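Each chain, letter by letter, is given below.
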Amino acid sequence: MKQGTRSRRHALLSNCIANQNAKVDEYALCPGAITPFMDLLRRADYRIQQMPCPEMTFLGANRWWQVREQYDTPGYRAHCRSLASSVAQLLAFQIKDGCDDLILIGVEGSGSSAVAITGVGSLWGGRPEDLAWEQVPGKGVWIEELEAVLAKHDLPVPRAYGFPGELRDFDMDRALAEFAHFLAARDRPHAQ
Amino acid sequence: MRNSDTRSRRIAVLPEALMNAHLANAGLMLSVQHALERVGYGVIQLPPSGAPPEVVEIAVRFVVDQVQDYLKNAYEVVEVTLGSDADEASRVFRAACRSRGIAVPKLPVEPGRRA
């Protein structure tokens, strides 16, 4: 892309992809940014809009692990809507000249940031201990609220991809190949 | 911190122009970003220049919320600044940090140079 031009491809990026410090303890894949993943976005000329981490901004860096049921509260949903409103306002500014593709990058396995496979555990709560939890089809609480707020602002519906770093069968090479394929499948343009 | 925690506990707050340096063929800026990532910095992006002030202010507030918690937990946070500090979001970020009594060291980059 030539200097001075504006990309019409936009990516709403989960905070932790560029900042693994936002992950809860033991879930970081690397010290800082997931550079190979970021490089795919860069090479495809996406304008990156990193979103604030809803879990980090609600419970802080020293939070416990959480499952979807624990995030599914009116207070956390209100927090998500507040963040999502800010994301939507920035996105509206960024795409004011048009949008050829809008993607949303979430985190699979998360009770908050999953786009397709979320983490649930009906027994979780009380004294911290190692309890069973499952990865099941579904969105995280943050993604549900974010998508609702984007729709309320009449913004384009993003194509969603969930980075599978929290899934039990995670493989980085396979994840990068899948994401490259996802980026190449820009078959539903959001012309404005 | 317990067990196998790989988090670097180092974070760089970046102007939007630096996060998206790949769109401007900005050689040095892109090199800076890669260098930060290579040495393990996580990055937090500021809102873009030119966005409405009220939109910038709210977005920056959430950035500062994160920075404040990281500093409370003894993470290292730096702010990467471009040239003459002309970026409005960076000014708002600094003002918000000052108002909360937060000190974030600057890491200046001269955007006119090529890598």
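Attention here is on the structure that accompanies the text. Just so it is clear, the structure is predicted and the values come from calculations on it, not from any experiment.

Brief notes about the state of the cysteines
All names here are of chain A.
- For the coordinates displayed, the defined rule picks out zero disulfides over all chains.
- Considering cysteine sulfurs only, Cys16 is the nearest to Cys30, which forms no disulfide, with 9.9 Å between them.
- Looking at Cys30, the relative accessible area reads 17%, which means it is buried.

Here's the deal with the packing of helix α2 (residues 35-43) of chain A against helix α7 (residues 172-184) of chain A
Residues and elements named next belong to chain A.
- One can describe the packing of α2 onto α7 by two numbers: an axis separation of 10 Å at closest approach and a directional angle of 15°. By the angle between their axes, α2 is roughly parallel relative to α7. As for how α2 packs across α7, the hand of that crossing is right-handed. Seen from α2, the contacting residues are Pro36, Phe37, Leu40 and Leu41; seen from α7, they are Leu176, Phe179, Ala180 and Leu183.
- By residue class, the composition of the contact of α2 with α7 is eight nonpolar, no polar and no charged.

A short note on the sheet that holds strand β4 (residues 106-109) of chain B
Residue and element names in this part refer to chain B.
- Pairing is parallel across the open sheet formed by four strands, whose spatial order is β2-β1-β3-β4. The open sheet is flanked by β2 (42-45) and β4, the only strands paired with a single partner. In this sheet, neighbouring strand axes are inclined to one another by 30° on average, regardless of whether the strands run parallel or antiparallel.
- As paired strands, strand β3 (residues 76-82) and β4 are joined by four bridges and run parallel to one another. Paired with Val80 across the two strands is Leu107, which belongs to β4.
- Packed onto the sheet, helix α4 (residues 88-99) meets β1 (10-14), β3 and β4 and runs at close to 145° relative to β3.

Regarding the interface of chain B and chain A
- Residue-level contacts link 44 residues of chain B with 46 residues of chain A.
- Where chain B abuts chain A, roughly 3500 Å² becomes buried across the two surfaces, and 49% of that area is made up of carbon and sulfur atoms.
- Interface area lost by chain B to chain A is led by Arg7, Leu23 and Phe62 of chain B, which between them contribute 20%.
- Of the charged contacts in the structure, one is a salt bridge between Arg47 of chain A and Glu16 of chain B, with a shortest N-O distance of 2.9 Å.
- Within the residue set of the side of chain B that touches chain A, elements represented by two or more residues are β1, α1 (16-19), α2 (27-38), β2 and α3 (53-72) of chain B.
- Per-element tally for the side of chain B that touches chain A: the top contributor is α3 of chain B, with seven residues.
- Partitioned by chemical class, the residues of the side of chain B that touches chain A number 19 nonpolar, 16 polar and nine charged.

A look at the packing of aromatic side chains
- Counted under the stated rule, the structure contains 11 aromatic pairs over all chains.
- Between Tyr70 of chain B and Tyr75 of chain B, the aromatic rings sit 4.9 Å apart at their centres with planes inclined by 45°, giving tilted as the arrangement. An identical accessibility class is assigned to Tyr70 of chain B and Tyr75 of chain B; each is buried.
- Three or more aromatic residues link up through ring pairs in this structure, and these residues are Phe37, Tyr161, Phe163, Phe170, Phe179 and Phe182 of chain A.
- A cation sits over an aromatic face here: Lys96 of chain A above Phe93 of chain A, 4.1 Å from the ring centre.

Some remarks on the nonpolar core
- Residues Leu13, Phe37, Leu41, Ile103, Ile105, Phe179 and Leu183 of chain A are the most contacted members of the largest nonpolar core, which totals 37 residues.
- Contact partners of Leu183 of chain A, with chain neighbours within four places excluded, come to Leu40, Leu41, Ala44, Tyr46, Ile103 and Arg159 of chain A.
- In this structure, Ala89, Phe93, Cys97 and Ile102 of chain B belong to the second largest nonpolar core, which totals 29 residues.

The rules behind each value
- Residues numbered from 1 in each chain as written.
- Chains lettered and ligands numbered in written order.
- Predicted model: local features only at pLDDT ≥ 70, side-chain atom pairs only at ≥ 80, totals over all residues.
- Heavy atoms only, no water.
- Disulfide = S-S within 2.5 Å.
- Buried < 20%, exposed > 50% of the residue type's maximum accessible area, 1.4 Å probe, protein only.
- Axes fitted to C-alpha atoms, helices over the stretch in contact; angles between N-to-C directions.
- Helix = DSSP H or I, 4+ residues; strand = E, 2+ residues; numbered from the N terminus.
- Parallel < 35°, antiparallel > 145°, perpendicular 65-115°, else oblique.
- Left-handed = near helix turned anticlockwise from the far one by under 90°.
- Contact = heavy atoms within 4.5 Å.
- Nonpolar A, V, L, I, M, F, W, Y, C, P; charged D, E, K, R; others polar.
- Pairing = 2+ DSSP bridges.
- Buried area = accessible area lost by both parts, 1.4 Å probe.
- Salt bridge = Lys/Arg side-chain N within 4 Å of Asp/Glu carboxyl O.
- Phe/Tyr/Trp six-rings, centres within 6.5 Å; stacked < 30°, edge-to-face > 60°.
- Lys NZ or Arg CZ within 6 Å of the ring centre and 35° of its normal.
- Core = buried A, V, L, I, M, F, W, Y, C linked by side-chain atoms within 4.5 Å.

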